[in-house]
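Residue-level structure breakdown
Spelled out, the chains give:
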Amino acid sequence: MHSLSSRILTVSLTLAGVKRWQFAPKRFIGVSAAPRDPQGHRPPILRHVDVDRQDFEGWPTYVLTPASGGAAGQLVYLHGGAYATEITVGHWNLIARLAERTDRTVTVPIYPLTPEYGHRDIFPTLIRLYQRIAARGAADRLAVVGDSSGAGMALALVQSLPDGTARPGDLVLLSPWLDATMSNPDISAVARRDPLLNAAHLRSLGHLYALPDLPSVPHVSPINGPLDDLGRVTLFTGTRDVLNPDARRLRELAAEQGTDIALHEYPGMLHDWVLTPIPEARRVITEIVEVLRGPEPPVEARAVAAVRPTEPARRPRTAPRVLTSCGGRPGGRRRVLR
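Residues numbered from 1 in each chain as written. Predicted model: local features only at pLDDT ≥ 70, side-chain atom pairs only at ≥ 80, totals over all residues. Heavy atoms only, no water.

**A few points about the nonpolar core**
To be explicit about the condition: What makes a nonpolar core is a set of buried Ala, Val, Leu, Ile, Met, Phe, Trp, Tyr and Cys residues whose side-chain atoms join them at distances within 4.5 Å. Only protein chains enter the accessibility calculation, which uses a 1.4 Å probe; a residue is then buried when its area is under 20% of its type maximum, exposed when over 50%, and partly exposed in between. Think of it this way: any DSSP run of H or I at least four residues long counts as a helix, any run of E at least two long counts as a strand, and we number them from the N terminus. By definition, residues are in contact when any of their heavy atoms lie within 4.5 Å.
The biggest cluster of nonpolar side chains holds 94 residues, and the ones touching the most others in it are L64 and Y77. If you tally residues by element for this core, the top one is helix α4 (residues 119-134), at eight residues. Once you skip the residues sitting within four places of it in the chain, Y77 turns out to touch H91, L94, I95, L98, V106, T107, V108, P109, V145, G146, D147 and L174.

This is how it looks when you write it as structure tokens:
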């Protein structure tokens, strides 16, 4: 059963009609576009971490160091917002918790936004920033984490790393936006139940971010990019998210290229629920921490998720496995669908 908080959140978003305006293109283009706050990216006061601004090639870039020192490794966090909106307080709170609980130093680049900028403006700088961070220590202690469009950017970043650049030990994708064309036929069935995202709005913003290219190019739609040599990949998705069908599709395509993605699917959860103050969000954070703090898997098992189902094993079938984390109270059951 879903928590009371999650049910209240879903109803509130539905009644408020958030999906009608949140990413409406007119908010970002034309005479009705709202002016951007040049300091809108600044973090609030965060507990248990030190925050230092270290700009990189003109990008505001923040480094969060936990009070414990961050000796466990490095983490790069790429925030979501449909490539058009700034990092939020919810992002900062999540990032601070990850820094504290994983004992990792977290770098948060504030990349430029669409429609003023597109993927061609972002990736050269993003790759150089990653290379600088990767040079600081062992790659197996480096993680790249992102949510929504930031998760799509995180996957595209790893796909785009030049030969000779170390891949991260972990890639964690939270409610990822993987295909800016929004052309998956299964999206329409989910769209009726999604209280937060409007597929048509995302399609328009994806087009703007892709210009002068088509939105199907891998930097914008990484589901179309190479899915081998990604390291260990963990993906969290909710079934009331229009991006959920592409998350499932990514796992299928990756398996065809030899990469086994650990897909954690939460029934009834909406897009980016990990940023909200509900028990299901706290559970996801705990699962991310377990992934990032756990021992490095052996090379031959690096692509296999470390999953401990609590139900008796069922008779295996040939279909890909999907890990489902049931919504509800922390400590609720997990089940593996086969």
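Resuming the write-up.
**Things to note about the packing of α4 against helix α5 (residues 149-160)**
The cut-off we apply is this: Structural elements are reduced to axes, namely lines fitted to C-alpha atoms, with helices fitted over the stretch in contact, and the angle between N-to-C directions of any two is expressed from 0 to 180 degrees. Under this scheme an angle from 65 to 115 degrees is roughly perpendicular, one under 35 degrees roughly parallel, and one over 145 degrees roughly antiparallel; angles in between are oblique. For this scheme, ten residues count as nonpolar: Ala, Val, Leu, Ile, Met, Phe, Trp, Tyr, Cys and Pro. Four count as charged, namely Asp, Glu, Lys and Arg, and the remainder, Gly too, count as polar.
Running from N to C, α4 and α5 cross one another at 75°; their axes reach a closest spacing of 10 Å. In terms of axis orientation, α4 runs roughly perpendicular to α5. Facing α4, whose interface residues are I122, F123, L126, I127 and Y130, α5 presents M153, A156, L157 and S160. When the residues that make up the contact of α4 with α5 are grouped by side-chain class, the tally is eight nonpolar, one polar and no charged.

**What about the pattern of salt bridges?**
Note the threshold: Salt bridge criterion: a side-chain nitrogen from Lys or Arg within 4 Å of a carboxyl oxygen from Asp or Glu.
According to the stated counting rule, one finds ten salt bridges in the structure shown. A salt bridge links E57 to R128; its shortest N-O distance comes to 2.8 Å. On the criterion of sequence distance, the pair formed by E57 in the loop between β1 (49-53) and β2 (61-66) and R128 in helix α4 is long-range, its members being 71 residues apart. A relative accessible area of 46% places E57 in the partly exposed class.

**Thoughts on the packing of helix α3 (residues 89-102) against helix α9 (residues 279-293)**
The condition is simple: Here is the rule for handedness: rotate from the far helix to the near one, and if that takes an anticlockwise turn smaller than a right angle the crossing is left-handed, while a clockwise turn gives right-handed.
Across the interface, α3 lies against α9 with an axial gap of 10 Å and an inter-helix angle of 40°. It follows from the interaxial angle that α3 and α9 lie oblique. Viewed along their axes, α3 and α9 form a crossing whose handedness is right-handed. In contact with L94, R97, L98, R101 and T102 of α3, α9 contributes I285, T286, I288, V289, L292 and R293. Looking at the contact of α3 with α9, its residues break down into six nonpolar, two polar and three charged.

**As for the packing of aromatic side chains**
Short version of the rule: In this scheme Phe, Tyr and Trp rings, the latter by its six-membered ring, pair at centre separations within 6.5 Å, and the angle between planes marks the pair as stacked below 30 degrees, edge-to-face above 60, and tilted otherwise.
Taken as a whole, this structure holds four aromatic pairs when the rule is applied. With a centroid separation of 3.7 Å and 5° between ring planes, the pair formed by Y83 and Y209 is classed as stacked. Remark: Y209 occurs in helix α7 (residues 199-210) and Y83 occurs in the loop between β3 (73-78) and α3; sequence separation between them is 126 residues. Both residues of the pair, Y83 and Y209, belong to the buried class. Connected via pairs of aromatic rings, a cluster forms that spans Y83, W177 and Y209.

**Things to note about the environment of L211**
Relative to the helices and strands, L211 resides in the loop between α7 and β7 (232-238). It is 6.5 Å that separates the C-alpha atoms of L211 and G118, two residues lying 93 residues apart in sequence.

**Re unusual backbone geometry**
With an omega of 10°, the peptide bond running from T114 to P115 counts as cis. Position of P115 among the secondary structure elements: in the loop between β4 (104-109) and α4. In this structure, the amide linkage connecting L211 to the following residue, P212, adopts the cis form with an omega of 5°. Positioned with a positive phi, H48 is a non-glycine residue whose angle comes to about 70°. Relative to the assigned elements, H48 resides in the loop between α2 (18-21) and β1. You can call H48 partly exposed: its relative accessible area is 42%. Phi at Y83 is positive, roughly 65°, even though this residue is not glycine.

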